[in-house]
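Residue-level structure breakdown
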Amino acid sequence: MSSETAPSARFDYRNYAWAGFVLALAGAAFFATKGIVIKLALAEGIDPVTTLTWRMIVAVPIFLTVGIITYRRKLAATPAGAPPVLTAAVLLQTLGVGVIGYYVASYLDFSALGYISAQLDRLILLTYPFFVVLFGAVFFKRKITGPMAAALVVSYAGIAMIFAHDMAIEGDDVLLGVALVFGSAVAYAAYQIMAKPLIDRLGAELFTSIAMSAAGPAVIAHFLATHPVGALAVTGNGFLLMLAIGTISTVVPAYCISGAIGLIGPERTAIIGNISPLVTVGLAIFILGEAFTVYHALGTALVLGGVWLFTRKEKPKVKVLEESTA
């Protein structure tokens, strides 16, 4: 190929920005189904650990296959003498970060849904970027600005409004559920901080494949330590839900988001991802029959408003890497 024709033959991502927006919307919408599927599984008598284990049984082989293919492509494209694509140290770091993001954070989130509504769970998870900033302030001496603090206050005022309403009706179980999902948000924030340099080195696709694959054995070990193997035997609607949690709620949105980041960048993808709680709210109302009072409406508006202020004011400094797959 001549040097004159090479530029015209290159793939121009700008021509496919519309596809990036479609993928980002699809990814956010599919991720929003996670809490709904878990709630439906609970109604079928399937506990959170079993659901999380089925998620890994379905999803990990797909992630592992994609990871191997991606690694081989990167290896073939690496010039002779260049640094290796994947060293033992980087692999171990990625495996460890994956356990935090896709086992610890996911287990706490799945468990929380046994005590609180899918709406409240999703809204609390949406605020994990605030914990990223707080970790930066504590461990890296990064400054917390006025706009950051204001965004945090607005969002947590919304969460407090829904929390107070739900606790008055459902009692102390709400307190336990909120504590669990806050723990999930903290774990996912730690995952984000540790994942950033690894994603920069490996690329989002290879990193996600390795990280998710690492969580699989940890989840299965947890299951075997707490359940008989026979507990995996689910039938009918339960089996369909287990397939859904692994594919529709995990694999499909993960690669939609990766594709969107490649086409329109992480900042636009993250902003579009803010529709996810609205999708969860809609599905929770119409599928689960969850209540949606004026308190839920005002609380949701405050949380989304705070996150919008946060991303608007701080997006040059803080980049959300991907939608939460925890």
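Residues numbered from 1 in each chain as written. Predicted model: local features only at pLDDT ≥ 70, side-chain atom pairs only at ≥ 80, totals over all residues. Heavy atoms only, no water.

With respect to the nonpolar core
Grouped together as the largest cluster of nonpolar side chains are 76 residues, with contacts concentrated most on Met56, Tyr102, Ile116, Leu120, Tyr191, Phe207 and Met242. Residues in contact with Ile116, not counting those within four places in the same chain, are Lys39, Asp121, Val174, Gly177, Val178 and Val181. Membership of the second largest hydrophobic core comes to seven residues, among which are Ala19, Ala24, Leu263 and Ile264. (Core = buried A, V, L, I, M, F, W, Y, C linked by side-chain atoms within 4.5 Å. Buried < 20%, exposed > 50% of the residue type's maximum accessible area, 1.4 Å probe, protein only. Contact = heavy atoms within 4.5 Å.)

Brief notes about the packing of aromatic side chains
Summed over all chains, the structure comprises seven aromatic pairs. Relative to Phe182, the ring of Phe131 lies with its centre 6.3 Å away and its plane at 80°, an arrangement referred to as edge-to-face. Of the two residues, Phe131 is situated in helix H7 (residues 128-140) and Phe182 in helix H9 (residues 173-202); the sequence distance between them amounts to 51 residues. Residue Phe182 is classed as partly exposed on the basis of its relative accessible area of 23%. Taken together, the aromatic side chains of Tyr102, Tyr188, Tyr191 and Phe207 make up a single cluster linked through ring pairs. (Phe/Tyr/Trp six-rings, centres within 6.5 Å; stacked < 30°, edge-to-face > 60°. Helix = DSSP H or I, 4+ residues; strand = E, 2+ residues; numbered from the N terminus.)

Observations concerning the pattern of salt bridges
All told, the structure shown has two salt bridges when counted by the stated rule. Linking Asp109 and Lys34 is a salt bridge whose minimum nitrogen-to-oxygen distance equals 2.8 Å. Separated by 75 residues along the polypeptide, Asp109 in helix H5 (residues 88-112) and Lys34 in helix H3 (residues 34-43) bring together distant segments of the chain. Lys34 carries the same exposure label as Asp109, and that label is buried. (Salt bridge = Lys/Arg side-chain N within 4 Å of Asp/Glu carboxyl O.)

Topic: helix H6 (residues 118-126)
By the criterion of burial, H6 is predominantly enclosed, with nine of the nine residues buried. For H6, the set of buried residues is Ala118, Gln119, Leu120, Asp121, Arg122, Leu123, Ile124, Leu125 and Leu126.

A look at helix H8 (residues 146-170)
Helix length check: H8, at 25 residues, gives a terminal C-alpha distance of 36 Å against a target of 36 Å (1.5 Å per residue), a fit within 8%. Those residues of H8 not exposed but buried are Met148, Ala151, Ser155, Tyr156, Gly158, Ile159, Ile162, His165 and Asp166. (Expected span 1.5 Å × (residues − 1).)

Looking at the packing of H8 against H9
Contact geometry for H8 and H9: axes closest at 8 Å, N-to-C directions at 145°. Contacts from Tyr156, Phe163, Asp166, Met167 and Glu170 of H8 reach H9 at Asp173, Val174, Leu175, Val178 and Phe182. The class makeup of the residues in the contact of H8 with H9 is seven nonpolar, no polar and three charged. (Axes fitted to C-alpha atoms, helices over the stretch in contact; angles between N-to-C directions. Nonpolar A, V, L, I, M, F, W, Y, C, P; charged D, E, K, R; others polar.)

Observations regarding the side chain of Thr250
Tracing the backbone through its elements, the reader meets Thr250 in helix H11 (residues 237-264). Here the side chain of Thr250 touches Ile245 through a polar contact of 2.6 Å, landing on its backbone oxygen. When neighbours within four sequence positions are excluded, Thr250 is seen to be in contact with Phe31, Arg55, Ala59, Phe63, Met212 and Ile245. (Polar contact = N/O pair within 3.5 Å; in protein donor to acceptor, adjacent residues only side chain to side chain.)

Quick look at the packing of helix H4 (residues 48-77) against helix H10 (residues 204-226)
Packed helices, taken two at a time, are described by their axes: the angle between them and the distance between them. Orientation of H4 relative to H10, taken along the N-to-C sense of each, is 150°, at an axis distance of 7 Å. Relative to H10, H4 is oriented roughly antiparallel. Here H4 runs over H10; the crossing is left-handed. (Parallel < 35°, antiparallel > 145°, perpendicular 65-115°, else oblique. Left-handed = near helix turned anticlockwise from the far one by under 90°.)

Examining the confidence of the model for the chain
Here the chain averages 83 in pLDDT, and 90% of its residues register 70 or above. For the chain, helix H1 (residues 6-9) is the element with the lowest average pLDDT, namely 46, and H3 is the one with the highest, namely 94. For residues 1-9, every residue scores under 50 in pLDDT, and the model assigns this stretch two contacts once sequence neighbours within four places are set aside. (pLDDT = per-residue confidence, 0-100.)

A look at the environment of Ile36
With respect to the helices, strands and loops of the structure, Ile36 is situated in helix H3. Given a relative accessible area of 3%, Ile36 falls into the buried group. In this structure, the C-alpha to C-alpha distance between Ile36 and Ser117, residues 81 residues apart in sequence, is 9.5 Å. Apart from the residues lying within four places of it in its own chain, the contact partners of Ile36 are Ala118, Thr280, Leu283, Ala284, Ile287 and Leu288.

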